[in-house]
Amino acid sequence: MSSSEVENLIIIGGGPAGYTAALYASRAELNPLIFEGFQWGGQLQNTTDVENYPGFPEGIMGPEMMSRFREQAERFGTRFVSDDVDRVELGDGGIQKVFVGDDEYRAKAVVLAMGAEPRRLGVPGEMELMGRGISTCGVCDGAFFKGRKTMVVGGGDSAMEDAVFVAKFASDLSLVHRRDEFRASAIMLERAQATPNIDLMTPYAPEEFIAGEDSSLATVRLKHSESGDTEDVPVDGVFVAIGHIPRSEVVAGQVDTDDEGYVITDPVSTKTHLAGVFAVGDLVDHTYRQAVTAAGSGCRGALDAEWYLRDTEF
Ligand code: NAP
């Protein structure tokens, strides 16, 4: 099916960035169409209590927050397609095309907001115990482990940052990395090393996560990277901080991306190298990756698209 109508704006991605772009664009009377994905809500769908989003002093559950973002966009006329985009045909200006199966949608502008996903270890128990002792966000969940035994996995800046943050709450924290050398910047590593309740364990990597009687995480089986020996370590919480993967596969080869797959935008706006195509949120963000920063970025994308539509003849 091919819709004959040309939309003003299509937004791809149903997380904080996409819904905020939809909210702003719908209030600007652009009548946006958002492809929010089959599993709309983004990473916050897998989160429990969100305590660091301003305006919710008592905290809010991640899925509930995403429902509210969605409702707010809907209130001003956003239209939703709860499907994943299969393919795009993006150009430098002109009409942009988005495909879901054989259905073709056309628009004058597109905001890309597909987000990123935490890289997984891919070991038994990891997915099953996600949210039940395993987390991929120290800043989000560290405070739930007050006085508990914790572990951070990874050797980059994210792991150091998570370790130093979580160690403020935890009784003790093992920082587990698969090599003796760290990828993290010297200053971040030094901070972790200087924290009294952080213990560096190298070269080890988790081989399996094991639940206790209450079905939440109880033990991590660590494997020594060289000898192959394994060791069972009792633990209450594990933070997997081994990087993120931007979800740019659908636009790969059409929009400029960096070596890691993040979409490249103009440093002071959300413009990609293609006129009429904007990118926001975790899809472009190596560093901050918070719901609040993604939402702010979505707002910028909608405003950039609005100004582009205002100033461009079709
Ligand atoms: P990263 O630099 O890519 O580090 C990922 C770490 O995870 C590496 O140490 C890697 O080990 C390890 N790893 C990857 N796959 C693994 C696996 N399957 N099993 C075990 N370990 C695995 O990612 P990041 O730490 O998220 O940082 C991403 C970017 O954000 C960097 O540019 C970083 O500087 C930046 N950042 C900056 C700050 C800050 O300045 N405040 C904070 C956070 C992030 P190997 O080293 O062996 O490959």
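Residues numbered from 1 in each chain as written. Predicted model: local features only at pLDDT ≥ 70, side-chain atom pairs only at ≥ 80, totals over all residues. Heavy atoms only, no water.

Student: Whenever I open this one, the site of the ligand confuses me. Can you help?
Tutor: Around the ligand there are 15 residues in total, and Asp-157, Ser-158, Arg-178, Arg-179 and Arg-183 lie nearest to it. Notes on the ligand: free accessible area 920 Å², of which the protein chains cover 75%. Partitioned by chemical class, the residues of the shell around the ligand number three nonpolar, six polar and six charged. (Near = heavy atom within 4 Å. Areas by Shrake-Rupley, 256 points an atom, 1.4 Å probe, with all protein chains shown as cover. Nonpolar A, V, L, I, M, F, W, Y, C, P; charged D, E, K, R; others polar.)

Student: Even after reading the chapter, I still don't get the state of the cysteines, so can you show me in this structure?
Tutor: Linking two cysteines covalently through their sulfur atoms gives a disulfide. Applying the stated criterion across every chain yields a total of one disulfide. Paired through a disulfide, Cys-137 and Cys-140 show a sulfur-sulfur distance of 2.0 Å. For the disulfide bridge between Cys-137 and Cys-140, the dihedral angle about the S-S bond is near 65 degrees, and by the sign convention the bridge is right-handed. (Disulfide = S-S within 2.5 Å.)

Student: Sorry if this is basic, but what is going on with the sheet that holds strand E14 (residues 204–211) here?
Tutor: Sheet strands line up and pair through hydrogen bonds in the backbone, either parallel or antiparallel. The sheet built from three strands is open, its strands ordered E14-E15-E16 with antiparallel pairing. Pairing within the sheet leaves two strands with one partner each, and these edge strands are E14 and strand E16 (230–234). Neighbour-to-neighbour, the strand axes of this sheet turn through a mean angle of 25 degrees, independent of strand direction. In this structure, E14 lies alongside strand E15 (residues 217–224), joined through seven bridges in antiparallel fashion. Within E15, the residue paired with Tyr-204 across the bridge is His-224. (Pairing = 2+ DSSP bridges. Helix = DSSP H or I, 4+ residues; strand = E, 2+ residues; numbered from the N terminus. Axes fitted to C-alpha atoms, helices over the stretch in contact; angles between N-to-C directions.)

Student: Any chance you could explain the environment of Asp-214 here in plain terms?
Tutor: Tracing the chain through its elements places Asp-214 in the loop between E14 and E15. It is 9.8 Å that separates the C-alpha atoms of Asp-214 and Arg-132, two residues lying 82 residues apart in sequence. For Asp-214, the side chain forms a polar contact with the side chain of Ser-216, separated by 2.9 Å. (Polar contact = N/O pair within 3.5 Å; in protein donor to acceptor, adjacent residues only side chain to side chain.)

Student: So what exactly am I meant to see when it comes to the side chain of Arg-70 here?
Tutor: Residue placement: Arg-70 occurs in helix H2 (residues 62–75). Judged by its relative accessible area of 17%, Arg-70 is buried. A polar contact of 2.8 Å, which involves the side chain of Arg-70, links it to the side chain of Glu-36. Leave out the neighbours within four places in its chain, and Arg-70 touches Tyr-19, Glu-36, Trp-40, Phe-80 and Ser-82. (Buried < 20%, exposed > 50% of the residue type's maximum accessible area, 1.4 Å probe, protein only. Contact = heavy atoms within 4.5 Å.)

Student: Would you take a moment to explain helix H5 (residues 186–193) for this structure?
Tutor: Buried within H5 we find Met-188, Leu-189 and Ala-192. With its buried residues spanning 100 degrees around the axis, H5 presents them on a single face. Elements in contact with the buried residues of H5: helix H4 (157–166), strand E12 (172–176) and strand E13 (198–201). (Arc of directions from axis to C-beta.)

Student: Please explain the packing of aromatic side chains as it appears in this structure.
Tutor: Aromatic ring pairs are described here by two measures, namely the spacing of the ring centres and the angle between the planes. For the structure shown, the criterion picks out nine aromatic pairs. Between Phe-145 and Phe-239, the aromatic rings sit 5.5 Å apart at their centres with planes inclined by 80 degrees, giving edge-to-face as the arrangement. Of the two residues, Phe-145 is situated in the loop between helix H3 (138–141) and strand E11 (149–153) and Phe-239 in strand E17 (residues 237–240); the sequence distance between them amounts to 94 residues. Judged by relative accessible area, which is 12%, Phe-145 ranks as buried. Residue Phe-239 is classed as buried on the basis of its relative accessible area of 0%. (Phe/Tyr/Trp six-rings, centres within 6.5 Å; stacked < 30°, edge-to-face > 60°.)

Student: Whenever I open this one, the sheet that holds E12 confuses me. Can you help?
Tutor: Here we have five strands laid out as an open sheet, ordered E10-E17-E11-E12-E13, and parallel in their pairing. Edge positions in the sheet fall to strand E10 (134–135) and E13, since each has one partner strand and no second. Where E12 and E13 come together, four bridges link them in parallel fashion. Within E13, the residue paired with Leu-173 across the bridge is Ile-198.

Student: Even after reading the chapter, I still don't get the domain arrangement of the protein, so can you show me in this structure?
Tutor: Quoted interface sizes are often the accessible area lost when the parts come together. You can read the domains of the protein as domain 1 (6–117 + 244–311) and domain 2 (120–240). If you average the C-alpha positions of domain 1 and of domain 2, the two centres end up 31 Å apart. At the junction of the two partners, domain 1 supplies five residues and domain 2 supplies six residues. At the junction of domain 1 and domain 2, the tally comes to zero salt bridges. The tally of links between domain 1 and domain 2 comes to one residue pair in polar contact (both at pLDDT 80 or more). Considering only residue class, the side of domain 1 that touches domain 2 consists of no nonpolar, two polar and three charged. (Domains from an automatic or database assignment. Salt bridge = Lys/Arg side-chain N within 4 Å of Asp/Glu carboxyl O.)

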